[in-house]
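Residue strings, one per chain:
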Amino acid sequence: MQEFLLGLLSFLCTLKCLTSVDWDVVLQPEVRGSMGQNVILPCVFKHPQQNTYASKITVKWIQKHVAKPIFHCSLLNQTDRQDLTCSDPRSPKRFWLHGNPRRGDLSLGINDSVFTDISRYICRVELDYESYQSRTSTLLNITAPAEILNLTLDSQAQVQVGMLKCIARGNPIPSVKWMSLSKSQENVPISKTENRDYTVISSIPFSGQDVFTCQAVNSLGQAERTFPTKPLNDSGLLVWISALGCLLFLGMLVIVGVVVKKARDAQSQLTLQMGKIYVDQPNDTVIYANVSYGARHLALETPVRGLNDPVYGRSKESTYIERI
(Lines give C-alpha, C1' and ligand atoms only; values in the text may rest on other atoms or scores of the structure.)
Protein backbone atom coordinates (compact mmCIF):
# COMPACT_ATOMS: atom_id res chain seq x y z
CA MET A 1 0.00 0.00 0.00
CA GLN A 2 2.77 2.33 0.91
CA GLU A 3 4.53 1.55 -2.34
CA PHE A 4 1.33 2.36 -4.23
CA LEU A 5 1.00 5.74 -2.52
CA LEU A 6 4.63 6.60 -3.24
CA GLY A 7 4.18 5.65 -6.88
CA LEU A 8 1.02 7.73 -7.16
CA LEU A 9 2.72 10.73 -5.57
CA SER A 10 5.68 10.39 -7.90
CA PHE A 11 3.33 10.25 -10.90
CA LEU A 12 1.43 13.33 -9.78
CA CYS A 13 4.67 15.25 -9.24
CA THR A 14 5.91 14.26 -12.66
CA LEU A 15 2.61 15.24 -14.27
CA LYS A 16 2.63 18.58 -12.49
CA CYS A 17 6.19 19.26 -13.58
CA LEU A 18 5.29 18.49 -17.16
CA THR A 19 2.22 20.71 -17.16
CA SER A 20 3.43 23.60 -15.03
CA VAL A 21 6.42 24.95 -16.92
CA ASP A 22 7.13 28.41 -15.57
CA TRP A 23 6.25 31.48 -17.58
CA ASP A 24 9.20 33.58 -18.58
CA VAL A 25 8.99 37.16 -19.85
CA VAL A 26 12.34 38.89 -20.28
CA LEU A 27 12.81 42.64 -20.66
CA GLN A 28 15.92 44.74 -21.07
CA PRO A 29 16.45 46.91 -17.97
CA GLU A 30 17.18 50.12 -19.89
CA VAL A 31 17.03 51.31 -23.48
CA ARG A 32 18.69 54.52 -24.66
CA GLY A 33 17.71 56.45 -27.75
CA SER A 34 18.31 59.83 -29.36
CA MET A 35 15.73 62.51 -29.92
CA GLY A 36 13.93 62.01 -33.24
CA GLN A 37 15.36 58.52 -33.82
CA ASN A 38 13.60 55.14 -33.75
CA VAL A 39 14.01 52.85 -30.73
CA ILE A 40 13.18 49.21 -29.98
CA LEU A 41 12.01 47.92 -26.58
CA PRO A 42 12.96 44.19 -26.51
CA CYS A 43 10.63 41.63 -24.91
CA VAL A 44 10.61 37.83 -25.30
CA PHE A 45 8.42 35.25 -23.57
CA LYS A 46 7.96 31.50 -23.08
CA HIS A 47 4.94 29.62 -21.81
CA PRO A 48 4.03 25.99 -20.93
CA GLN A 49 2.33 25.27 -24.28
CA GLN A 50 4.92 26.96 -26.45
CA ASN A 51 5.05 24.11 -28.99
CA THR A 52 1.36 23.16 -29.06
CA TYR A 53 -0.59 26.36 -28.53
CA ALA A 54 -2.62 27.33 -31.62
CA SER A 55 -5.06 29.96 -30.33
CA LYS A 56 -5.01 33.72 -29.97
CA ILE A 57 -2.02 35.68 -28.68
CA THR A 58 -2.69 39.14 -27.30
CA VAL A 59 0.18 41.59 -26.84
CA LYS A 60 -0.01 44.62 -24.55
CA TRP A 61 2.53 47.28 -23.78
CA ILE A 62 1.83 49.38 -20.71
CA GLN A 63 3.46 52.66 -19.81
CA LYS A 64 3.69 53.21 -16.08
CA HIS A 65 1.33 55.84 -14.67
CA VAL A 66 -0.86 55.51 -17.78
CA ALA A 67 -4.20 53.78 -17.27
CA LYS A 68 -4.67 52.21 -20.69
CA PRO A 69 -2.10 50.22 -22.69
CA ILE A 70 -0.25 52.33 -25.22
CA PHE A 71 -0.25 49.37 -27.62
CA HIS A 72 -2.64 46.41 -27.91
CA CYS A 73 -2.94 43.84 -30.70
CA SER A 74 -3.94 40.19 -31.24
CA LEU A 75 -3.27 37.39 -33.75
CA LEU A 76 -3.66 33.62 -34.02
CA ASN A 77 -0.66 31.40 -33.31
CA GLN A 78 -0.88 29.49 -36.60
CA THR A 79 2.00 29.33 -39.03
CA ASP A 80 -0.26 29.06 -42.10
CA ARG A 81 -2.03 32.33 -41.31
CA GLN A 82 -1.47 35.26 -43.66
CA ASP A 83 -1.87 37.96 -41.00
CA LEU A 84 1.80 38.24 -40.25
CA THR A 85 1.51 41.69 -38.71
CA CYS A 86 -0.07 42.65 -35.45
CA SER A 87 -1.20 46.27 -35.34
CA ASP A 88 -3.31 48.51 -33.14
CA PRO A 89 -5.33 51.10 -35.06
CA ARG A 90 -6.20 52.90 -31.83
CA SER A 91 -2.63 53.61 -30.79
CA PRO A 92 -0.44 56.35 -32.32
CA LYS A 93 1.20 55.38 -35.58
CA ARG A 94 4.58 55.84 -33.94
CA PHE A 95 4.06 52.61 -31.98
CA TRP A 96 4.32 49.29 -33.82
CA LEU A 97 5.10 45.67 -33.03
CA HIS A 98 8.67 44.93 -34.04
CA GLY A 99 8.72 41.28 -32.98
CA ASN A 100 6.82 38.17 -34.06
CA PRO A 101 4.58 36.84 -31.23
CA ARG A 102 4.42 33.40 -32.86
CA ARG A 103 8.12 33.11 -32.13
CA GLY A 104 7.84 34.52 -28.64
CA ASP A 105 9.04 38.01 -29.59
CA LEU A 106 6.87 40.90 -28.36
CA SER A 107 9.37 43.74 -28.94
CA LEU A 108 7.85 47.20 -29.41
CA GLY A 109 9.07 49.80 -31.92
CA ILE A 110 8.74 53.55 -31.38
CA ASN A 111 9.34 55.95 -34.27
CA ASP A 112 10.54 59.54 -33.93
CA SER A 113 11.14 59.33 -30.20
CA VAL A 114 10.45 62.42 -28.08
CA PHE A 115 10.98 63.41 -24.47
CA THR A 116 7.44 62.40 -23.54
CA ASP A 117 8.40 58.79 -24.37
CA ILE A 118 10.79 58.75 -21.42
CA SER A 119 9.18 56.35 -18.96
CA ARG A 120 9.08 52.77 -17.71
CA TYR A 121 7.35 50.16 -19.85
CA ILE A 122 5.84 46.76 -19.02
CA CYS A 123 5.31 43.91 -21.50
CA ARG A 124 2.22 41.67 -21.10
CA VAL A 125 1.09 38.61 -23.06
CA GLU A 126 -2.38 37.04 -22.82
CA LEU A 127 -3.27 33.52 -24.02
CA ASP A 128 -6.61 31.72 -23.90
CA TYR A 129 -5.69 29.74 -20.83
CA GLU A 130 -3.52 32.25 -18.95
CA SER A 131 -1.84 35.64 -19.06
CA TYR A 132 1.46 36.91 -17.79
CA GLN A 133 3.37 40.16 -17.64
CA SER A 134 6.95 40.99 -16.84
CA ARG A 135 7.83 41.41 -13.21
CA THR A 136 10.29 44.13 -14.06
CA SER A 137 10.05 47.10 -16.42
CA THR A 138 12.18 48.68 -19.10
CA LEU A 139 13.37 52.26 -18.64
CA LEU A 140 13.41 54.22 -21.89
CA ASN A 141 15.74 57.21 -21.82
CA ILE A 142 15.85 59.71 -24.71
CA THR A 143 18.94 61.90 -24.95
CA ALA A 144 19.47 65.13 -26.90
CA PRO A 145 22.21 67.75 -27.18
CA ALA A 146 21.55 71.19 -25.76
CA GLU A 147 19.59 73.52 -28.02
CA ILE A 148 18.04 76.96 -27.64
CA LEU A 149 14.38 77.01 -28.58
CA ASN A 150 13.78 80.73 -28.20
CA LEU A 151 15.41 83.98 -27.10
CA THR A 152 12.99 86.88 -26.90
CA LEU A 153 12.22 90.04 -24.98
CA ASP A 154 9.17 89.71 -22.76
CA SER A 155 6.19 91.06 -24.73
CA GLN A 156 4.89 92.82 -21.63
CA ALA A 157 8.16 94.65 -21.06
CA GLN A 158 8.56 98.36 -21.73
CA VAL A 159 11.24 99.86 -23.95
CA GLN A 160 13.38 101.00 -21.02
CA VAL A 161 13.37 97.87 -18.85
CA GLY A 162 12.30 94.33 -19.70
CA MET A 163 13.10 90.66 -19.13
CA LEU A 164 15.11 88.80 -21.73
CA LYS A 165 13.96 85.17 -21.74
CA CYS A 166 16.02 82.23 -23.01
CA ILE A 167 14.40 78.79 -23.41
CA ALA A 168 16.81 75.86 -23.79
CA ARG A 169 16.22 72.10 -23.97
CA GLY A 170 18.25 68.92 -23.80
CA ASN A 171 18.85 65.65 -21.95
CA PRO A 172 20.90 65.74 -19.79
CA ILE A 173 19.27 69.02 -18.78
CA PRO A 174 21.56 71.81 -20.00
CA SER A 175 23.05 74.57 -17.90
CA VAL A 176 22.40 78.13 -19.10
CA LYS A 177 25.01 80.88 -19.03
CA TRP A 178 24.59 84.56 -19.94
CA MET A 179 27.36 86.66 -21.52
CA SER A 180 27.42 90.42 -22.13
CA LEU A 181 29.15 92.28 -24.95
CA SER A 182 30.02 95.29 -22.77
CA LYS A 183 30.09 93.87 -19.22
CA SER A 184 32.47 91.44 -17.57
CA GLN A 185 31.10 88.08 -16.49
CA GLU A 186 30.99 89.23 -12.86
CA ASN A 187 28.72 92.17 -13.76
CA VAL A 188 26.18 90.19 -15.78
CA PRO A 189 22.78 90.34 -14.01
CA ILE A 190 21.79 87.27 -11.99
CA SER A 191 19.39 85.13 -13.98
CA LYS A 192 16.16 83.56 -12.83
CA THR A 193 16.01 79.90 -13.87
CA GLU A 194 13.32 77.19 -13.78
CA ASN A 195 13.43 73.59 -15.05
CA ARG A 196 10.60 71.42 -16.33
CA ASP A 197 10.30 68.59 -18.83
CA TYR A 198 13.98 68.73 -19.82
CA THR A 199 13.54 72.44 -20.58
CA VAL A 200 15.34 75.33 -18.89
CA ILE A 201 13.86 78.84 -18.82
CA SER A 202 16.31 81.57 -17.85
CA SER A 203 15.58 85.31 -17.67
CA ILE A 204 17.66 88.44 -16.99
CA PRO A 205 16.82 92.18 -16.89
CA PHE A 206 17.33 93.92 -20.23
CA SER A 207 17.54 97.69 -20.68
CA GLY A 208 18.23 97.88 -24.40
CA GLN A 209 21.72 99.28 -23.92
CA ASP A 210 23.64 96.01 -24.25
CA VAL A 211 23.98 92.82 -26.29
CA PHE A 212 23.47 89.54 -24.42
CA THR A 213 24.29 85.97 -25.47
CA CYS A 214 22.49 82.97 -24.00
CA GLN A 215 24.58 79.79 -24.01
CA ALA A 216 23.20 76.32 -23.23
CA VAL A 217 25.59 73.42 -22.54
CA ASN A 218 25.27 69.72 -21.70
CA SER A 219 27.50 66.68 -22.15
CA LEU A 220 26.24 66.10 -25.71
CA GLY A 221 26.73 69.60 -27.12
CA GLN A 222 26.18 73.30 -26.77
CA ALA A 223 24.25 76.11 -28.46
CA GLU A 224 24.07 79.88 -28.15
CA ARG A 225 22.00 82.77 -29.42
CA THR A 226 22.43 86.56 -29.21
CA PHE A 227 19.92 89.37 -28.63
CA PRO A 228 19.75 91.77 -30.35
CA THR A 229 21.29 90.21 -33.42
CA LYS A 230 24.97 91.08 -33.65
CA PRO A 231 25.71 93.95 -36.05
CA LEU A 232 28.25 93.43 -38.78
CA ASN A 233 31.72 94.10 -37.31
CA ASP A 234 34.12 96.70 -38.74
CA SER A 235 36.34 94.18 -40.52
CA GLY A 236 33.36 92.55 -42.19
CA LEU A 237 31.97 95.92 -43.26
CA LEU A 238 35.36 96.91 -44.70
CA VAL A 239 35.51 93.70 -46.73
CA TRP A 240 32.05 94.32 -48.17
CA ILE A 241 32.88 97.92 -49.06
CA SER A 242 36.16 96.88 -50.71
CA ALA A 243 34.44 94.18 -52.74
CA LEU A 244 31.74 96.61 -53.86
CA GLY A 245 34.37 99.19 -54.85
CA CYS A 246 36.24 96.62 -56.94
CA LEU A 247 33.06 95.65 -58.74
CA LEU A 248 32.24 99.29 -59.52
CA PHE A 249 35.80 99.93 -60.77
CA LEU A 250 35.69 96.91 -63.07
CA GLY A 251 32.32 98.03 -64.39
CA MET A 252 33.65 101.51 -65.19
CA LEU A 253 36.66 99.99 -66.99
CA VAL A 254 34.36 97.92 -69.16
CA ILE A 255 32.20 100.95 -70.01
CA VAL A 256 35.24 103.12 -70.85
CA GLY A 257 36.67 100.36 -73.02
CA VAL A 258 33.45 100.08 -75.01
CA VAL A 259 33.24 103.87 -75.50
CA VAL A 260 36.87 104.14 -76.65
CA LYS A 261 36.45 101.30 -79.12
CA LYS A 262 33.34 102.87 -80.62
CA ALA A 263 35.12 106.23 -80.90
CA ARG A 264 38.08 104.68 -82.69
CA ASP A 265 35.82 102.85 -85.12
CA ALA A 266 33.96 106.10 -85.90
CA GLN A 267 37.23 108.01 -86.39
CA SER A 268 38.57 105.38 -88.78
CA GLN A 269 35.41 105.53 -90.88
CA LEU A 270 35.47 109.34 -90.89
CA THR A 271 39.11 109.37 -92.01
CA LEU A 272 38.21 107.24 -95.00
CA GLN A 273 35.39 109.63 -95.95
CA MET A 274 37.23 112.95 -95.36
CA GLY A 275 40.80 112.20 -96.43
CA LYS A 276 42.47 113.75 -99.43
CA ILE A 277 41.91 112.00 -102.72
CA TYR A 278 44.77 112.00 -105.13
CA VAL A 279 43.94 111.35 -108.80
CA ASP A 280 46.66 111.23 -111.48
CA GLN A 281 45.85 113.31 -114.62
CA PRO A 282 47.83 113.98 -117.83
CA ASN A 283 50.14 117.03 -117.99
CA ASP A 284 51.00 116.81 -114.30
CA THR A 285 47.47 117.85 -113.31
CA VAL A 286 46.68 117.26 -109.66
CA ILE A 287 43.13 117.12 -108.41
CA TYR A 288 42.42 118.07 -104.80
CA ALA A 289 39.23 117.03 -103.09
CA ASN A 290 37.82 119.75 -100.88
CA VAL A 291 35.15 118.31 -98.57
CA SER A 292 31.99 120.29 -98.08
CA TYR A 293 30.47 118.88 -94.86
CA GLY A 294 26.96 120.00 -95.53
CA ALA A 295 26.86 119.10 -99.22
CA ARG A 296 25.69 115.85 -100.58
CA HIS A 297 28.62 115.62 -103.01
CA LEU A 298 32.36 116.35 -102.82
CA ALA A 299 33.32 119.29 -105.07
CA LEU A 300 36.69 118.79 -106.80
CA GLU A 301 38.49 121.86 -108.11
CA THR A 302 41.39 121.23 -110.51
CA PRO A 303 44.44 123.51 -110.43
CA VAL A 304 46.08 123.13 -113.87
CA ARG A 305 49.73 123.77 -114.63
CA GLY A 306 51.02 123.66 -118.27
CA LEU A 307 54.29 122.20 -119.26
CA ASN A 308 55.80 125.59 -120.27
CA ASP A 309 53.65 127.93 -118.18
CA PRO A 310 55.03 128.52 -114.68
CA VAL A 311 51.86 130.24 -113.67
CA TYR A 312 49.13 128.23 -112.07
CA GLY A 313 45.67 128.77 -113.38
CA ARG A 314 42.37 127.50 -112.03
CA SER A 315 40.10 125.65 -114.32
CA LYS A 316 36.53 126.78 -114.36
CA GLU A 317 35.42 123.25 -114.60
CA SER A 318 34.37 121.49 -111.44
CA THR A 319 33.98 117.79 -111.10
CA TYR A 320 31.60 116.20 -108.56
CA ILE A 321 32.22 112.82 -106.98
CA GLU A 322 29.53 111.04 -105.03
CA ARG A 323 30.47 110.92 -101.30
CA ILE A 324 31.41 107.50 -100.10
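Residues numbered from 1 in each chain as written. Predicted model: local features only at pLDDT ≥ 70, side-chain atom pairs only at ≥ 80, totals over all residues. Heavy atoms only, no water.

(A) Here's a closer look at the overall build of the protein. A count of helices and strands for the protein gives two helices and 21 strands. Counting all 324 residues of the protein, 29% fall into the buried class. Put simply, of all contacts in the protein between residues at least 6 apart along the chain, 54% involve residues at least 24 apart. Just so you have it, the protein exposes about 22,400 Å², and 56% of that area is on carbon and sulfur atoms. (Helix = DSSP H or I, 4+ residues; strand = E, 2+ residues; numbered from the N terminus. Buried < 20%, exposed > 50% of the residue type's maximum accessible area, 1.4 Å probe, protein only. Contact = heavy atoms within 4.5 Å. Areas by Shrake-Rupley, 256 points an atom, 1.4 Å probe, with all protein chains shown as cover.)

(B) Representation of the pairing of strand E5 (residues 56-63). Burial analysis of E5 places seven of its eight residues in the buried class, the great majority of the element. Here six bridges tie E5 to strand E6 (residues 71-76), and the two strands are oriented antiparallel to one another. Residue pairing for E6: Trp-61 is matched across the bridge by Phe-71. In the sheet, E5 pairs with strand E9 (residues 119-126) via six bridges, with the strands oriented antiparallel. Counterpart to Trp-61 in the pairing with E9 is Cys-123. (Pairing = 2+ DSSP bridges.)

(C) Examining the state of the cysteines more closely. The final tally for this structure, using the stated rule, is three disulfides. The side chain of Cys-73 participates in a disulfide bridge whose partner is Cys-86; the two sulfur atoms lie 1.9 Å from each other. Looking along the S-S bond of the Cys-73-Cys-86 disulfide, the torsion reads about 120°, which is the right-handed sense. Note that Cys-73 is positioned in strand E6 and Cys-86 in the loop between E6 and strand E7 (95-97), a separation of 13 residues in sequence. Cys-73 sits in the buried class, given a relative accessible area of 3%. Paired through a disulfide, Cys-166 and Cys-214 show a sulfur-sulfur distance of 2.0 Å. Where Cys-166 bonds to Cys-214 through sulfur, the torsion about that S-S bond is close to -80°, and the disulfide is left-handed. (Disulfide = S-S within 2.5 Å.)

(D) Unusual backbone geometry, seen in detail. The residue after Asn-171, namely Pro-172, is reached through a cis peptide bond having omega 10°. Position of Pro-172 among the secondary structure elements: in the loop between strand E12 (162-171) and strand E13 (175-180). The backbone of Asp-197 sits at a positive phi, close to 50°, despite the residue not being glycine. Non-glycine residue Tyr-198 carries a positive phi angle of around 60°. Mapping Tyr-198 onto the fold places it in the loop between strand E14 (192-196) and strand E15 (199-206). Its relative accessible area of 25% is what places Tyr-198 among the partly exposed residues.

(E) Structural detail: the nonpolar core. Judged by nonpolar contacts, the single largest core of 32 residues is most densely connected at Leu-41, Trp-61, Phe-71, Leu-108, Ile-110, Val-125 and Leu-140. Other than its neighbours up to four places away in sequence, Phe-71 contacts Val-59, Lys-60, Trp-61, Cys-86, Ser-87, Asp-88, Ser-91, Phe-95, Trp-96, Leu-97 and Leu-108. (Core = buried A, V, L, I, M, F, W, Y, C linked by side-chain atoms within 4.5 Å.)

(F) A look at the sheet that holds E7. Ordered in space as E3-E8-E7, the three strands form an open sheet in which the pairing is antiparallel. Taken across any chain shown, the strands that pair with only one partner, and hence form the sheet edges, are strand E3 (39-41) and E7. Looking at each pair of strands side by side, their axes are set apart by 25° on average, direction ignored. The pairing of E3 with strand E8 (residues 108-110) spans three bridges and is classified as antiparallel. Across the sheet, Val-39 pairs through a bridge with Ile-110, a residue of E8. (Axes fitted to C-alpha atoms, helices over the stretch in contact; angles between N-to-C directions.)

(G) Representation of the sheet that holds strand E16 (residues 212-218) within the structure. Across the sheet, which stays open at both edges, the three strands sit in the order E13-E16-E17 with antiparallel pairing between neighbours. Edge positions in the open sheet fall to E13 and strand E17 (221-227), since each of these has one partner strand only. Strand-to-strand twist in this sheet, taken as the mean axis angle between neighbours without regard to direction, amounts to 20°. Pairing analysis gives seven bridges linking E16 to E17, with the strands arranged antiparallel. Each residue of the ladder has a partner; that of Cys-214, found in E17, is Arg-225.

Read these as spatial facts, not as claims about activity.
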